[in-house]
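Spelled out, the chains give:
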Amino acid sequence: MKLANINPNLTTYHYLLRTCAQTPVSEQDPYLREQIFEMITNDGLQPDLKIYECYIDSLLAGDEYERAFEIFDSLKSKNIYPQVELYTAMIRKAISIYEPGIALNYLKSLEQNIFYAPTSLYNDVLRLCAYEYYADGVLYCWEKLKHRGLNLDEGVCIDIIYFAARHGRPDLVVQVIEYLMDDRKLNLQKLHFIPLTRAYVNAGDIKNAMNSLNIIRQAGFQVNSFDTATTGIYSSIRQNNKTIDEAYYYLEELHNEGKIIDVSALNVIIAACANIGKRKMPRRNVDISRALETYKSAEKLGVKPNAETFSSLLFVCHYAKRKDLADQLWKEMLELKVVPSTLTYSRMIAVICTQDDYEEAFVYLEEMKAKNLLPLRSVYEKIIDKCVQHGDTRAVLALEEAENFEHKFPRSFYQDLRAKGFDPELTKKIIESQKKNFDQQKISSTDNSDETTPINDNSNAMDEFVDIIASKANKIN
């Protein structure tokens, strides 16, 4: 065309830039694109909207999104106003590179130019903002979509309610749950309700956070101490004695209002009494009196104590090193016909291991196993550590048993044992050697059954535990 003295017009350059934009990413030639754009001004032409659309499309195709945003933002100063298609392309590019702020700004700009943004665009921006916890975008798009008619999938709804939980917006959690139940007709799971409690906690509304535990229970889901529904409450109310008292008074208020008090709300207050104050304090601040008073108020509040209640009480006893109180509570638990759980046994064993006399720890351990309750790894850690402190070779038995239950101890645990002078591998070898000698003595005794001389075990304590390891079934007293 140049050689034939035919001057290209804007349509010509439009097609050239469109060709650049449609070229595969691997074949993008930024130099050629810029050369074409310079030719427009060199020919004395003024780029119009179509030229800029193709130019920006080409920049986006080459992943030069920062330059594309810059050019797009400069159009207004040139009195060039993009159409819906270019706005959509910019918004979708912002979404693809996880820039919720840019996507929201372009969406708002699109509206200000009196364009009707597709509902799908709001959905996509909302999804990104919820995923990135971008508050302005979530709240803005949610309100817009409420008026247009919500059509959200469960995934984005879950992102929204977890965003709402972090930002202390229980009202938004409730709206999303109602949408999922009433409009989408979904059978909700516990994960849909847990953010409601967290939202109330983050909003500083402990009273309704406590009440939400009963809502979760009424929805058919189990609520336990220290699960994701109660940890936020625990962290919030354990700040000081005043916050614990306030939490209890909230329960009284709810009860007086005719609300059902969930047992987990009582339990979390008791548990908080085991660790009052800042985490970095030299030692735990334990308040036994508050824990017991809270427990004694159960009947007044219409709450029936469960295994979690006594686990929480034993949690307090553990850090207070009060085995006498733990024994009393255990007896009361059995009188109330409350069946102890794995956690209850674990807490009781932990209390016993705070004492010099720890023989009962083995009794409770055997009782657990007799009830087909798998002891936690922490149970074995405490028992093993206690045995090592006292030079008790039952540490090896406990270690082997834990390994048989496929408990995996961290390397630091073994390092701590060796630092205390206990080498598990060496001790195992000694016991295996003793066991072989013991078995040989038994065989010799059988062969000489007419003799009445008893086997001499030299009163070696190690032999006693060899026998235990051999039988595996004997109960340790």
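This report concerns the structure included in the present document. Here the structure is a predicted model, which is why all the values come from computation and not from measurement.

A short note on the overall build of the protein chain
Here's step 1: Along the backbone of the protein chain there are 25 helices and zero strands.
Here's step 2: The buried share among the 477 residues of the protein chain stands at 45%.
Here's step 3: Summed over all atoms, the accessible surface of the protein chain reaches about 25,200 Å², with 48% contributed by carbon and sulfur.

Digging into the environment of Ile383
Here's step 1: Topologically, Ile383 is positioned in helix H21 (residues 377–389).
Here's step 2: Assessed through its relative accessible area of 1%, Ile383 is described here as buried.
Here's step 3: Along the primary structure Ile383 and Leu399 are separated by 16 residues, whereas in three dimensions their C-alpha atoms are 9.1 Å apart.
Here's step 4: Non-local contacts of Ile383, meaning those with residues more than four positions away in its chain, are made with Ile349, Cys353, Ala361, Phe362, Leu365 and Ala398.

Considerations on the packing of aromatic side chains
The description of an aromatic ring pair uses the distance of the two centres, along with the angle that the planes make with each other.
Here's step 1: Tallied over the full model, the rule gives 20 aromatic pairs.
Here's step 2: A ring pair is formed by Phe72 and Tyr106, whose centres lie 5.0 Å apart and whose planes are at 70°; its orientation type is edge-to-face. Of this pair, Phe72 sits in helix H4 (residues 65–74) while Tyr106 sits in helix H6 (residues 100–112), placing them 34 residues apart in sequence.
Here's step 3: Taken together through their ring pairs, the aromatic side chains of Tyr65, Phe69, Phe72, Tyr87 and Tyr106 make up a single cluster.
Here's step 4: The residue whose ring lies beneath Lys108 is Tyr140, and the NZ or CZ to ring-centre distance is 4.9 Å.
Here's step 5: The ring of Tyr116 has Arg148 sitting right over it, with the charged end atom 4.2 Å from the ring centre.

Describing the environment of Leu373
Here's step 1: Relative to the assigned elements, Leu373 resides in the loop between helix H20 (360–370) and H21.
Here's step 2: Sequence separation between Leu373 and Thr342 is 31 residues, and the spatial gap between their C-alpha atoms is 5.9 Å.
Here's step 3: Residues contacting Leu373, with those up to four places away along its chain left out, are Pro340, Ser341, Thr342, Tyr345 and Met368.

Focus on the pattern of salt bridges
Here's step 1: This structure, assessed with the given rule, holds 27 salt bridges.
Here's step 2: A salt bridge links Asp324 to Arg322, with the nearest nitrogen and oxygen atoms 2.9 Å apart.
Here's step 3: One network of salt bridges, with partners in common, ties together Lys207, Glu253, Glu257 and Lys259.

Overview of the layout of surface pockets
Here's step 1: Its boundaries defined by the atoms lining it, the largest pocket holds a volume of some 240 Å³.
Here's step 2: Along the wall of the largest pocket there are 13 residues; nearest its centre are Lys76, Pro82, Tyr87, Ser109 and Asn113.
Here's step 3: Secondary structure elements with two or more residues in the lining of the largest pocket: H4 and H6.
Here's step 4: Top element by residues in the lining of the largest pocket is H6. It accounts for four residues.
Here's step 5: Of the residues assigned to the lining of the largest pocket, the class counts are seven nonpolar, four polar and two charged.

The rules behind the values
- Throughout this description, residue numbers start from 1 for each chain and increase along the sequence as written.
- Residue-level local features of this predicted model are given only where pLDDT is at least 70; pairs of side-chain atoms are given and counted only at 80 or more, and the full residue set underlies all totals for whole chains, interfaces and linings.
- Hydrogens and waters are ignored; side-chain quantities use all the structure's heavy atoms.
- Helix and strand definitions follow DSSP, with helices as H or I runs of at least four residues and strands as E runs of at least two, each counted in order from the N terminus.
- Relative accessible area decides the class of each residue, using a 1.4 Å probe on protein chains only: under 20% of the type maximum gives buried, over 50% gives exposed, and in between gives partly exposed.
- Using a 1.4 Å probe, the Shrake-Rupley method yields the accessible areas, and only the shown protein chains count as cover for residues.
- Contacts are residue-level and defined by heavy atoms, with any inter-residue pair within 4.5 Å sufficient.
- A pair of Phe, Tyr and Trp rings is counted when the ring centres sit within 6.5 Å of each other, with Trp represented by its six-membered ring. The angle between the planes then sorts it: under 30 degrees is stacked, over 60 is edge-to-face, the rest tilted.
- A ring is scored as having a charge over it whenever the NZ atom of a lysine or the CZ atom of an arginine sits within 6 Å of its centre and within 35 degrees of its normal.
- Each reported salt bridge corresponds to a side-chain nitrogen of Lys or Arg within 4 Å of a carboxyl oxygen of Asp or Glu.
- Only protein atoms enter the 1 Å grid used here. Points where a 1.4 Å probe fits but cannot escape make up a cavity, open sets with protein on both sides within 12 Å along at least five of seven lines make up a pocket, and a residue lines them when an atom lies within 4 Å of a point.
- Grid points are joined across faces, edges and corners, and a volume is the space filled by probe spheres set on the points.
- Basically, the charged four are Asp, Glu, Lys and Arg, the nonpolar ten are Ala, Val, Leu, Ile, Met, Phe, Trp, Tyr, Cys and Pro, and anything else, Gly included, counts as polar.

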